[in-house]
Amino acid sequence: MNTTPRRALLPAGLRAPGRWAVLPSAVLAGAVLGGGYGVLQTPEYAATSYVIVVPAAKSDPAAAIGFAQAYGRVATDIAVTGDAQVWAGVTADTLRRDVQAATSPDAPMISITARAAKPAKAVSMADGVARALILDSTHVAGSTGVKVVQFSRATKPVAPVSPSASLSALVGACGGGLLGGLALLVRPRRAAARGEARHSRQAAAAGSPAAVPAPASSAHQPEAV
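Residues numbered from 1 in each chain as written. Predicted model: local features only at pLDDT ≥ 70, side-chain atom pairs only at ≥ 80, totals over all residues. Heavy atoms only, no water.

Trainee: I'd like to hear about the side chain of Thr76, residue by residue, with values.
Mentor: Note that Thr76 resides in helix 5 (residues 75-81). Excluding residues that lie within four positions of it along the chain, Thr76 makes contacts with Leu95 and Val99. (Helix = DSSP H or I, 4+ residues; strand = E, 2+ residues; numbered from the N terminus. Contact = heavy atoms within 4.5 Å.)

Here it is in structure tokens:
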């Protein structure tokens, strides 16, 4: 009767996961983590309001672009010091964190983009900062020679700008595949290094000369002539 265990008859590749399992496992883990993040995260909506800087009657039109750049840099500071917090219904820290202003080098236009968890809140934040810029420019128009006017009010977003669960899963799968591929590249090098070190030790042990006993000194001494 054959008493050989059934497990011993299985190939080694079936008894333990091989190198082939590293890459798909990493891809699957990345997809699961990315998809879970996409499901659990709060959707984020973005709304953009546009204002334009116009010169006064006797001002240089080219100066409007320079003032647009300046207003774009201090947009959130002006909004915080003004009444944008009241109009938007948020705190100063929220305005600084979730509102961004961008300018164009070719036109005196400023885009004010606000992000929030609710579409209506994003609209009120963008329009509130734009209104604060308009009021501030009106107060100093006599010295600057320009003023900010509303070009386009923010529209209510219909879809979130945050990545969906499927996109997050795809990004996670790509990241997991990259890490798995790097792991496959690193493991053979480490194994080869360990093998070379082992062979070097074996060769050194095999090539060491055996201890040879020293020749015995002769008791007979030649007589002096």
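Trainee: Account for the packing of aromatic side chains, with residues named and values stated.
Mentor: Applying the stated criterion across every chain yields a total of 0 aromatic pairs. One cation-aromatic arrangement involves Arg131 over Trp87; the distance from NZ or CZ to the ring centre is 4.1 Å. (Phe/Tyr/Trp six-rings, centres within 6.5 Å; stacked < 30°, edge-to-face > 60°. Lys NZ or Arg CZ within 6 Å of the ring centre and 35° of its normal.)

Trainee: Which residues make up the nonpolar core, and what are the values?
Mentor: Core analysis: the largest hydrophobic core is formed by 32 residues, its most contacted members being Val51, Val53, Leu95, Ile112 and Met125. Mapped onto this core, the elements with two or more residues apiece are strand 1 (45-55), helix 4 (63-73), helix 5, helix 6 (84-88), helix 7 (92-98), strand 3 (109-116), helix 8 (119-139) and strand 4 (146-152). In terms of residue count, the dominant contributor to this core is helix 8 (9 residues). The residues contacting Leu95, other than those within four sequence positions of it, are Thr76, Ala79, Val80, Ala84, Gln85, Val90, Met125 and Val129. (Core = buried A, V, L, I, M, F, W, Y, C linked by side-chain atoms within 4.5 Å. Buried < 20%, exposed > 50% of the residue type's maximum accessible area, 1.4 Å probe, protein only.)

Trainee: Now, about the pattern of salt bridges: what can you tell me, with residues and values included?
Mentor: One pass over the structure, following the stated rule, counts 4 salt bridges. Asp93 is the salt-bridge partner of Arg96, the closest N and O atoms lying 3.8 Å from each other. Separated by 3 residues within a single helix, Arg96 and Asp93 lie in helix 7, roughly one turn from each other. Judged by relative accessible area, which is 53%, Asp93 ranks as exposed. (Salt bridge = Lys/Arg side-chain N within 4 Å of Asp/Glu carboxyl O.)

Trainee: Give a description of helix 4 that names residues and reports values.
Mentor: Listing the buried residues of helix 4 in full gives Ala64, Ala68, Tyr71 and Gly72. The buried residues of helix 4 occupy one face: seen down the axis, they fall within an arc of 100°. Contact partners of the buried residues in helix 4: strand 1, helix 5, strand 2 (99-103), strand 3, helix 8 and strand 4. (Arc of directions from axis to C-beta.)

Trainee: Describe the side chain of Ser137, naming the residues involved and giving the relevant values.
Mentor: Locating Ser137 in the fold gives a position in helix 8. Polar side-chain contacts of Ser137 include one of 2.9 Å to the backbone nitrogen of Val148. Not counting residues within four places of it along the chain, the set of residues in contact with Ser137 comprises Tyr71, Val146, Lys147 and Val148. (Polar contact = N/O pair within 3.5 Å; in protein donor to acceptor, adjacent residues only side chain to side chain.)

Trainee: Please give an account of a nonpolar patch on the surface that cites residues and values.
Mentor: A cluster of nonpolar side chains, contributed by Leu178, Leu179, Leu182 and Leu185, occupies part of the molecular surface with about 420 Å² of accessible area. Mapped onto the elements of the fold, Leu178 is located in helix 10 (residues 165-207). Accessibility expressed as a relative area gives 55% for Leu178, which makes it exposed. (Patch = residues over 30% accessible without salt bridge, like charges linked within 9 Å, V, L, I, M, F, W, Y side chains within 5 Å. Areas by Shrake-Rupley, 256 points an atom, 1.4 Å probe, with all protein chains shown as cover.)

Trainee: Tell me about the confidence of the model for the protein, residues and numbers included.
Mentor: Regions with low pLDDT carry predicted coordinates that are not meant to be interpreted in detail. Here the protein averages 75 in pLDDT, and 57% of its residues register 70 or above. Element-level pLDDT for the protein is lowest in helix 2 (residues 12-15), with a mean of 44, against a maximum mean of 94 in strand 3. A low-confidence stretch, residues 7-16 stays under pLDDT 50, and its non-local contacts, those more than four residues away or across chains, total 4 contacts. (pLDDT = per-residue confidence, 0-100.)

Trainee: Any details on the sheet that holds strand 2? Residues and values, ideally.
Mentor: Taken together, 4 strands build an open sheet; the order of strands is 2-3-1-4 and the sheet is antiparallel. The two strands at the open ends of the sheet, each matched to only one other strand, are strand 2 and strand 4. If you compare each strand with its neighbour and ignore which way they point, the axes differ by 25° on average. When strand 2 meets strand 3, the two strands line up antiparallel, connected through 5 bridges. Across the sheet, the residue bridging to Val99 is Ala114, located in strand 3. The strands that helix 4 touches are strand 1, strand 2, strand 3 and strand 4; relative to strand 1, the one it contacts most, it runs at about 145°. Helix-sheet contacts for helix 8 involve strand 1, strand 2, strand 3 and strand 4, and the interaxial angle to strand 1 is about 15°. (Pairing = 2+ DSSP bridges. Axes fitted to C-alpha atoms, helices over the stretch in contact; angles between N-to-C directions.)

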